Amino acid sequence: MQEYLTNTINTFNEDSKINKIVYNIITVIKTTHDYESAINLIKQNNIKLEDIVSRSIRLPLADLIHLADLMILKKGNK
């Protein structure tokens, strides 16, 4: 686990486009709890839920679960 965290910290690039997008998605969820807007950002930028989980420790587990549930429901309603 320590090796994973060290590698993640050493390879983190704040200026990476995907990191900025994930930061925006997390900010929308944490500040406004607007999951619909977050899902739209995810779709527009072709971001995977895995990308959000692997790049964020700021988003509480309950919010991640809620986001995943809504994404699954939206996918099933197509």
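Predicted model, so just to flag it, every value in this text is computed and none were measured.

Bringing the overall build of the protein chain into the picture now. The helix and strand inventory of the protein chain stands at 5 helices and 0 strands. Shown N-terminal to C-terminal, the secondary structure of the protein chain runs as helices and strands in the order α-α-α-α-α. Counting over 78 residues, the protein chain shows a buried share of 26%.

Although it is not a glycine, His33 adopts a positive phi angle of roughly 55°. Along the polypeptide, His33 turns up in the loop between helix H2 (17–32) and helix H3 (35–44). Positioned with a positive phi, Asn46 is a non-glycine residue whose angle comes to about 55°.

What follows is about the layout of surface pockets. For the second largest pocket, the calculated volume is near 280 Å³. Lining the second largest pocket are 12 residues, with Ile42, Lys43, Ile47, Met71 and Lys75 positioned closest to its centre. For the lining of the second largest pocket, the leading source of residues is helix H5 (residues 61–76), giving 5 residues.

Definitions and cut-offs
- Residues numbered from 1 in each chain as written.
- Predicted model: local features only at pLDDT ≥ 70, side-chain atom pairs only at ≥ 80, totals over all residues.
- Heavy atoms only, no water.
- Helix = DSSP H or I, 4+ residues; strand = E, 2+ residues; numbered from the N terminus.
- Buried < 20%, exposed > 50% of the residue type's maximum accessible area, 1.4 Å probe, protein only.
- 1 Å grid on protein atoms, 1.4 Å probe; cavity = no way out; pocket = protein on both sides within 12 Å on 5 of 7 lines; lining within 4 Å.
- Points joined across faces, edges and corners; volume = space filled by probe spheres on them.

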